[in-house]
Amino acid sequence: MPSTAPIPRDPLDAARAILRDTFGHADFRGLQAGVVGEVLAGRSALAVLPTGGGKSLCYQIPALVRPGLGLVVSPLIALMADQVAALQQAGVRAARLESGLSLDDRSALWRRIEGGELDLLYLSPEALMAGPTLDRLARTPLALIAVDEAHCVSQWGHDFRPEYRMLGRLADALPDVPRLAVTATADARTREDIRRELRLEGCAEFVDSFARPELALSAERKRGKGHARVAELVAARPGRAGVIYCGSRDGAEILAEALRKDGVDATAYHAGLDKDVRAERLEQFLEAEAGVMVATIAFGMGIDKPDVRYVIHADPPASIEAYWQEVGRAGRDGQPAEGITLYGSADLAWALRRLDSRDTSAEVKSVQARKARQLYAMLDGATCRAAAVRRYFGEEAVQVCGQCDLCLAPPKLTDATELAQKALSAAHRLGGRFGRGRLVDHLTGKTKDVMDSEKALSTWAIGADTAANTWRDLVDQLLFEGLLKEDPNDGRPLVGLGDADGVRAVYRGERRVSVREQLAAAKSSRGRKGAKAASLYVDPADVHLFEALRGWRREEAGRQHVPPYVIFHDATLAAIACSRPRTESALRAVDGVGEGKLARYGEAVLKLVREN
Ligand code: ADP
Ligand code: ZN
């Protein structure tokens, strides 16, 4: 390369220079370069990159390279506030247009926008599409419009936001400005919706692999509410930030309270809380290094805390899309992290019941019921979880991950077809009039005050030589497989036969039912540690310096009232601890250290390296 060229000829070179100098990264990853190149050429595009895949740079960098202001539409205030703070740390002129601005601040912001003094402006879809704002922005040179979390436009997704639909009008309102839609979850159907609603027909589509190699996944069937197990899992991961998802507000409050009693820095977060309380708790969590957020799905999109080390589902999510997005909130910094899911047949029954009561079309209901079943099939399955998810998203020729619980300890499968036949005929004989517990009692012959008519049935005590636990697990599995089904019966579910063809095939022995061997011995497996707790790659010899750096960062963050990771990510501190840079230029070479941060923090960091 000629060393004399003062201006990079290739726009991608200019983009790389900014990537290096401003953001401190050596090169683009994955599909980033392709997406950036497309936008730099002035064309609109759709990019589907996994969580942590670096979507934000795909629009931040073109906004800096192309002349004019970059607009970023995002559904959540927390997300915007975070990105703006991080950009400002890196020396980028970014701001947020929010409804809460005072009149003075608002006109000052508009002066900067119209004076060309701003690189990036973040705003909500409603704010952008408001007539006067749009008119005013249309008279300003614009570099691009990025639509973050673009799946919100689709009602097939799980985050449908009607106000996103307005964004389609941008195609006519600002025809010359390239538009970039980005999202982390979009199966083919959702992608189609995004293209149609956002008027991106004919644009290039970039779809990255959904692999998340830093995530170790596991799932286990739960007993009862599973709260004791969650407490155990949290206790085994001290000093780490985690998110715990619960299915209900009450559940979140109760679990957070229980964890606090155990001395964990846990708070609850759900839509039932006052807006200010929510904002305060969010901030507290973002700024803590080892906080645990116990939340409903109200705590969701836009939680970009990069150093969440684990996500535990105390109750399972609604679909594989939701699962991937929620566990995806762990390990965004690319360091090892875990996704642990507790699930039970009662959760599935509850999910289906709730779906059924929803005020949507039969078509949407049946799509969502299928999605729920597919999730449970993956959770209760016997093959690599990461591979199952990626196949679900349409990836082909997928390798196993080698680190999920099923890869590490492939379950031994035992044929249980005969037991299944017994359980199915018992459910049949009982005529769907009883719940799970009573069905198991019937099989084992332990029913209290049993009536003679029940005793006379040929299935009475037919499974007395098999443990009640085994029966319970088998009944769960038959529910997951749809061979049995639960009738809600106002919260006291009754078990009856499910899919008739399937049941017939099992009776005839044409369809085999196999169970995991350890399920039969579920009691003893409860103490099992499962996948080992994820930790950062810090050599024992460097831990001292790493901790010193974290301590300095904590103070610095406290002083500036920003989350610690806005200053440096854990991954960057780990890299500094391991490479022990002695000079500015050595520090500049560390991933995540750009010119802005070097100028701000270089001296302090080098001093810490010298002294530790
Ligand atoms: P997403 O929005 O896709 O979940 P982000 O844009 O928040 O992901 O980026 C995730 C993390 O990856 C951030 O910590 C970011 O600094 C880092 N990152 C992004 N691009 C690169 C790159 N090319 N090289 C190194 N790190 C990167
Ligand atoms: Zn695996």
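For clarity, every value in this text was computed on a predicted model and none was experimentally measured.

Peer 1: Describe the environment of Val-566, and please don't skip the residues or the numbers.
Peer 2: Along the chain, the position of Val-566 falls in helix H26 (residues 564-567). Assessed through its relative accessible area of 2%, Val-566 is described here as buried. Once the C-alpha coordinates of Val-566 and Ala-86 are considered, the two residues, 480 residues apart in sequence, prove to be 5.1 Å apart. Setting aside chain neighbours within four positions, we find Val-566 in contact with Ala-85, Ala-86, Gln-89 and Lys-597.

Peer 1: If you had to explain the pairing of strand E4 (residues 120-123) to someone new, which residues and values would you point to?
Peer 2: The side chains of a regular strand alternate between the sheet's two faces. What you see with E4 is no split at all: Leu-120 and Tyr-122 on one side and Leu-121 and Leu-123 on the other are buried throughout. As defined by bridge partners, strand E2 (residues 69-73) adjoins E4 across four bridges and the pair is classed as parallel. Note on E4: the bridge partner recorded for Val-73 is Leu-123. When strand E3 (residues 94-96) meets E4, the two strands line up parallel, connected through three bridges. Bridge pairing in E4 places Arg-96 opposite Tyr-122.

Peer 1: Could you give an account of unusual backbone geometry, with specific residues and numbers?
Peer 2: Despite not being glycine, Glu-149 shows a phi value in the positive range, around 50°. On the secondary structure map, Glu-149 appears in the loop between strand E5 (142-147) and helix H8 (170-173). Positive phi is not limited to glycine here, since His-561 has a value of about 55°.

Peer 1: Lay out the site of ligand 1 in plain terms, naming residues and giving numbers.
Peer 2: Of all residues adjacent to ligand 1, which total 16 residues, the nearest are Gly-52, Lys-55, Ser-56, Arg-332 and His-569. Measuring from an oxygen atom of ligand 1, one finds a backbone N or O atom of Gly-54 at 3.0 Å. A distance of 2.5 Å separates an oxygen atom of ligand 1 from a polar side-chain atom of Arg-332. When the free accessible area of ligand 1 is taken as 570 Å², the share hidden by the protein chains comes to 85%. Here the shell around ligand 1 gets three residues from one element, more than from any other, and that element is helix H3 (residues 55-65).

Peer 1: With reference to specific residues and values, describe the pattern of salt bridges.
Peer 2: Summed over all chains, the structure comprises 42 salt bridges. Across the salt bridge formed by Arg-96 and Glu-98, the nearest N and O atoms sit 3.5 Å from each other.

Peer 1: A description of the side chain of Gln-60 should follow, citing residues and the corresponding values.
Peer 2: Residue position: Gln-60 is located in helix H3. Note on Gln-60: relative accessible area 4%, which makes it buried. Apart from residues lying up to four places away in sequence, Gln-60 is in contact with Phe-23, Gln-83, Leu-87, Leu-120 and Tyr-122.

Peer 1: Tell me about the packing of helix H18 (residues 417-429) against helix H21 (residues 468-480), residues and numbers included.
Peer 2: As a packed pair, H18 and H21 sit with axes 10 Å apart at the nearest point and diverge in direction by 80°. With respect to H21, the axis of H18 lies roughly perpendicular. Where H18 abuts H21, its residues Leu-419, Ala-420, Lys-422, Ala-423 and Leu-424 lie against Thr-470, Trp-471, Leu-474 and Leu-478. Here the residues of the contact of H18 with H21 sort into seven nonpolar, one polar and one charged.

Peer 1: I'd love a proper account of the packing of helix H1 (residues 11-21) against helix H2 (residues 32-40), names of residues and values included.
Peer 2: Following both chains from N to C, one finds H1 and H2 inclined at 120°, their axes separated by 10 Å at the closest point. By the angle class used here, H1 and H2 are oblique. H2 is crossed by H1, and the crossing has right-handed handedness. Seen from H1, the contacting residues are Pro-11, Leu-12, Ala-15 and Arg-16; seen from H2, they are Ala-33, Val-36, Gly-37 and Leu-40.

Peer 1: Before we move on, can you summarise the coordination of the zinc ion (ligand 2) with the specific residues and values?
Peer 2: Binding of the zinc ion (ligand 2) to the protein goes through Cys-384 (SG), Cys-401 (SG), Cys-404 (SG) and Cys-407 (SG), at separations of 2.3 to 2.4 Å. Considering all four donor atoms around the zinc ion (ligand 2), angles at the metal cover 103 to 120° and the coordination shape is tetrahedral. Counting along the primary sequence, the residues that act as donors to the zinc ion (ligand 2) give the motif C-x16-C-x2-C-x2-C. With a gap of 20 residues between them, Cys-384 in the loop between helix H15 (362-379) and helix H16 (385-392) and Cys-404 in the loop between H16 and helix H17 (405-408) connect regions that are remote in the sequence. Judged by relative accessible area, which is 5%, Cys-384 ranks as buried. Classification of Cys-404 as buried rests on a relative accessible area of 0%.

Peer 1: Describe helix H7 (residues 131-138), naming the residues involved and giving the relevant values.
Peer 2: Looking at H7, one finds that the buried residues are Thr-133, Leu-134 and Leu-137. On an axial view of H7, the arc spanned by its buried residues comes to 95°, and they lie on one face. Buried residues along H7 sit in contact with E2, helix H5 (103-114), E4, helix H6 (125-129), E5 and H8.

Peer 1: Requested: an account of a negative patch on the surface, with residues and values cited.
Peer 2: Taken together, the side chains of Asp-274, Asp-276, Glu-280 and Glu-283 define an acidic patch exposed on the protein surface. Of note, Asp-276 is situated in helix H12 (residues 275-287).

Peer 1: Report on the side chain of Ser-74, specifying residues and quantitative values.
Peer 2: Among the structural elements, Ser-74 can be located in the loop between E2 and helix H4 (77-89). The exposure class assigned to Ser-74 is buried, which follows from its relative accessible area of 0%. Setting aside anything within four residues of it in sequence, one finds Ser-74 in contact with Leu-79, Met-80, Leu-123, Ser-124, Pro-125, Asp-148 and Tyr-164.

Peer 1: How would you explain the pairing of strand E15 (residues 484-487) if you had to name every residue and give the values?
Peer 2: Residues Leu-484 and Glu-486 line the buried face of E15, whereas the alternating positions Lys-485 and Asp-487 sit on a face that is not buried. Where E15 lies against strand E16 (residues 494-497), four bridges are found, and the strand directions are antiparallel. If you follow Lys-485 over to E16, its bridge partner there is Gly-496.

Peer 1: Requested: an account of the state of the cysteines, with residues and values cited.
Peer 2: Counted by the stated rule, this structure contains zero disulfides. Looking at Cys-58, it has no disulfide partner, and the nearest cysteine sulfur is the one in Cys-203, 15 Å off. Accessibility expressed as a relative area gives 1% for Cys-58, which makes it buried.

About the cut-offs
- Residues numbered from 1 in each chain as written.
- Chains lettered and ligands numbered in written order.
- Predicted model: local features only at pLDDT ≥ 70, side-chain atom pairs only at ≥ 80, totals over all residues.
- Heavy atoms only, no water.
- Helix = DSSP H or I, 4+ residues; strand = E, 2+ residues; numbered from the N terminus.
- Buried < 20%, exposed > 50% of the residue type's maximum accessible area, 1.4 Å probe, protein only.
- Contact = heavy atoms within 4.5 Å.
- Pairing = 2+ DSSP bridges.
- Near = heavy atom within 4 Å.
- Polar contact = N/O pair within 3.5 Å; in protein donor to acceptor, adjacent residues only side chain to side chain.
- Areas by Shrake-Rupley, 256 points an atom, 1.4 Å probe, with all protein chains shown as cover.
- Salt bridge = Lys/Arg side-chain N within 4 Å of Asp/Glu carboxyl O.
- Axes fitted to C-alpha atoms, helices over the stretch in contact; angles between N-to-C directions.
- Parallel < 35°, antiparallel > 145°, perpendicular 65-115°, else oblique.
- Nonpolar A, V, L, I, M, F, W, Y, C, P; charged D, E, K, R; others polar.
- Left-handed = near helix turned anticlockwise from the far one by under 90°.
- Donors = N, O, S within 2.8 Å, 3.2 Å for Na, K, Ca; no water.
- Tetrahedral: all angles 85-135°; square planar, octahedral: opposite > 155°, others 65-115°.
- Arc of directions from axis to C-beta.
- Patch = residues over 30% accessible without salt bridge, like charges linked within 9 Å, V, L, I, M, F, W, Y side chains within 5 Å.
- Lys, Arg positive; Asp, Glu negative; His and termini not counted.
- Charge placed at Lys NZ, Arg CZ, Asp CG, Glu CD.
- Disulfide = S-S within 2.5 Å.

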